[in-house]
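Coordinate analysis (summary)
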Amino acid sequence: MRRKTGIVVGACAALVLAGVAGAVTATRGGDDPVGIWHQAPGVPRTPVGAADSLPTVAPESPAPSASSVPDQPASRRSPRATVSPDPSPTPGASNPDRVLESAAVETATAAAPSDPGGQQVGELLTVGKVLGYTAGPAKQTLSYPGASYVKPHFSRMSLLPGDYVTVSNPANTESYRYEPGTGKDWGMSITGDTAVVEVHRAADALGEPSAADGMGVDIDRVARGFSRTEQARVPEKATVRPGRSGREESVCGNDTSKDAVCYQSADPVAYSKSKAIARLLINGTELCTGWRVGAKNRMLTNNHCLTTSEQAYDTEVWFNYQCAKCGGYDVFKPTKVWGNEVISTDHLLDYTLFSVDGFDTIGQFGYLTLDPARPAKGTELYVPQHPAGEPTRIAGAKGDKASNCAVDNPDYTGYAAHSDVSYLCDTAGGSSGSPVLSRRTNKVVALHHFGGCPNSGVRGDLLAAKLRQYL
């Protein structure tokens, strides 16, 4: 039975998302609880039935290879990812029961994006607000009662030397600063239903009125996050990108995943590893999961989540978005950084490796390592993830009645023959890109991407060999 996409009911349920616009400074997250989240309406995770057949996928054309990729790019770059047309496994017949957990969607136009094919969590609204010197007020309040987040888009930012713009919540406990010339159009999302956008003048600003003629900031649209009630009504939609069948991820039987913090004492290793994953807010209105791979500035997610540096550049990456207490509703304040550059991507192996801006702010959350060996049938697994955009949950953690969270078939067909590992670990829309870890080695043995019971992920040993030069 197919279900509607909605916020999954959990001990600590929340809906908060984002996108950005050239932040220079920003408030950082921490281990102090911030905000109280109420439980979402009852939208149970139910098993997903068989999906439509995946058509044969034609190889993508290769893009120019990157000669070198810095560990922390400081500015926007044109897309130069390594796009592999021929994956390591031999392409085979598509499995008709494979269903994508979530999927990013290419925008038709800036003003009229195409229908989303994955976990949609908000909508774009036209606003037409002006801030500035002579043409408009210095401050604008963007309020949408019940919204889970507010994210402004700037069509123009023309300021005098020394002036800057801030986007914050009314209490100024979450605030981001922007200056012209950074190349970003989106502002970072503000948690909650109200964002305050303000132009700040330098103390030595020019006194001549003529100097400010034609200067100002234009906000042409806003991404408004759905309320919990709205999210529960969002229907499941098929992916519009060619060669893909978009469905949300699958819970196989009773959902046995729990908030990550529930295992802080009972399973400290799994809890520690869960810190390395991040919630991705893509295109301002869609979700996936990503995670740090290796000690360098490298993040890994699915190719069906994002494929280009342009998409990564406007993707928010949230670390430490976790419940503060098992069974409670407080959440930690997340540390948000921007995606930056796609380093390597491959459709058939369904991965995208990318870097982030602000890498120095996320080092504290650690990283995961790909296992160079294929796991054996029966290997116990666990999957830290952001299902339906929730704070981090872990499927298959020690102590759960989750004996089904183990390797079912180490030689499974994904987009290509022999490319995947299958399992019955519980996932949901938004879990695409999650790491699947071996309980024995605590290394990543698969990159989750398909639901359908069994669910499956791309083999970690194939990715380890493919990405060795970048890690």
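Residues numbered from 1 in each chain as written. Predicted model: local features only at pLDDT ≥ 70, side-chain atom pairs only at ≥ 80, totals over all residues. Heavy atoms only, no water.

Remarks on the overall build of the chain
Along the backbone of the chain there are 4 helices and 27 strands. Of all intrachain contacts in the chain linking residues separated by at least 6 positions in sequence, the fraction that spans at least 24 positions is 78%. With an accessible surface of roughly 17000 Å², the chain has 51% of that area assigned to carbon and sulfur atoms. (Helix = DSSP H or I, 4+ residues; strand = E, 2+ residues; numbered from the N terminus. Contact = heavy atoms within 4.5 Å. Areas by Shrake-Rupley, 256 points an atom, 1.4 Å probe, with all protein chains shown as cover.)

A few points about the pattern of salt bridges
Throughout the structure, instances matching the rule amount to 14 salt bridges. Measuring nitrogen to oxygen at the nearest pair gives 2.9 Å for the salt bridge that ties R177 to E179. For E179, a relative accessible area of 29% translates into the label partly exposed. For the salt bridge of R439 with D267, the shortest nitrogen-to-oxygen distance reads 3.0 Å. Here R439 is found in the loop between β25 (435-438) and β26 (444-451), whereas its partner D267 is found in the loop between β13 (258-259) and α2 (268-274), with 172 residues between them in sequence. Taken together, the shared-partner salt bridges connect E123, R224 and E230 into one network. (Salt bridge = Lys/Arg side-chain N within 4 Å of Asp/Glu carboxyl O. Buried < 20%, exposed > 50% of the residue type's maximum accessible area, 1.4 Å probe, protein only.)

Remarks on the sheet that holds strand β7 (residues 149-158)
Overall, antiparallel pairing links the 4 strands, which are arranged β5-β12-β7-β10 in an open sheet. Taken across any chain shown, the strands that pair with only one partner, and hence form the sheet edges, are β5 (122-132) and β10 (190-191). Inspection of the sheet shows β5 paired to strand β12 (residues 216-225) by 9 bridges, in the antiparallel sense. Across the sheet, the residue bridging to L124 is A223, located in β12. (Pairing = 2+ DSSP bridges.)

Focus: the packing of aromatic side chains
Summed over all chains, the structure comprises 4 aromatic pairs. Ring geometry for F154 versus Y178: centroids 6.1 Å apart, planes at 55°, classification tilted. In this pair, F154 is assigned in strand β7 and Y178 in strand β9 (residues 175-178), connecting sequence segments 24 residues apart. The class for F154 is buried, based on a relative accessible area of 3%. Taking the relative accessible area as the measure of exposure, Y178 reaches 0% and is therefore buried. (Phe/Tyr/Trp six-rings, centres within 6.5 Å; stacked < 30°, edge-to-face > 60°.)

Comments concerning the state of the cysteines
Among covalent bonds in proteins, the disulfide is the one between the sulfur atoms of two cysteines. Counted according to the given criterion, the structure contains 3 disulfides. Note on cysteine connectivity: C262 is disulfide-linked to C326, with sulfurs 2.2 Å apart. Judged by the sign of its S-S torsion, about 90°, the cystine formed by C262 and C326 is right-handed. Of this pair, C262 sits in the loop between β13 and α2 while C326 sits in the loop between β17 (316-319) and β18 (330-332), and the two are 64 residues apart along the sequence. What makes C326 partly exposed here is its relative accessible area of 43%. (Disulfide = S-S within 2.5 Å.)

A short note on the nonpolar core
Grouped together as the largest cluster of nonpolar side chains are 31 residues, with contacts concentrated most on F154, V165, V197 and V217. Listed by contribution, the elements that provide at least two residues to this core are β7, β8 (164-168), β9, β11 (194-200) and β12. Among all residues touching V197, those that are not within four sequence positions of it are L131, A138, K139, Q140, L142, P152, F154, V165, T166, V167 and I219. Grouped together as the second largest cluster of nonpolar side chains are 29 residues, A260, L300, L437 and L467 included. (Core = buried A, V, L, I, M, F, W, Y, C linked by side-chain atoms within 4.5 Å.)

Let's talk about unusual backbone geometry
The phi dihedral of N172 falls on the positive side, at around 60°, and the residue is not glycine. With respect to the helices and strands, the residue N172 is situated in the loop between β8 and β9. Among the residues examined, N172 registers a relative accessible area of 49% and is labelled partly exposed. You will see that N320, though not glycine, has its phi angle at about 65°, which is positive. Within the secondary structure layout, N320 lies in the loop between β17 and β18. Owing to a relative accessible area of 2%, N320 belongs among the buried residues under this scheme.

Here's the deal with the pairing of strand β14 (residues 277-282)
Both faces of the sheet carry side chains from a regular strand, because those side chains alternate between them. Counting buried residues along β14, 6 of its 6 residues qualify, which places the element largely inside the surrounding structure. With burial as the criterion, each face of β14 is covered, one bearing I277, R279 and L281 and the other bearing A278, L280 and I282. Bridge count between β14 and strand β15 (residues 286-292): 6 bridges; the pairing is antiparallel. Across the sheet, residue I277 finds its bridge partner in β15, namely W291. Here β14 folds back onto β15, and the loop between the two strands holds 3 residues, one of which, N283, carries a positive phi near 60°. Pairing analysis gives 4 bridges linking β14 to β17, with the strands arranged antiparallel. Directly across from R279, in β17, lies its bridge partner W318.

Overview of the environment of L462
Within the secondary structure, L462 is located in helix α4 (residues 460-467). Judged by relative accessible area, which is 12%, L462 ranks as buried. Taking the C-alpha atoms as reference points, L462 and A373, separated by 89 residues in sequence, lie 8.9 Å from one another.

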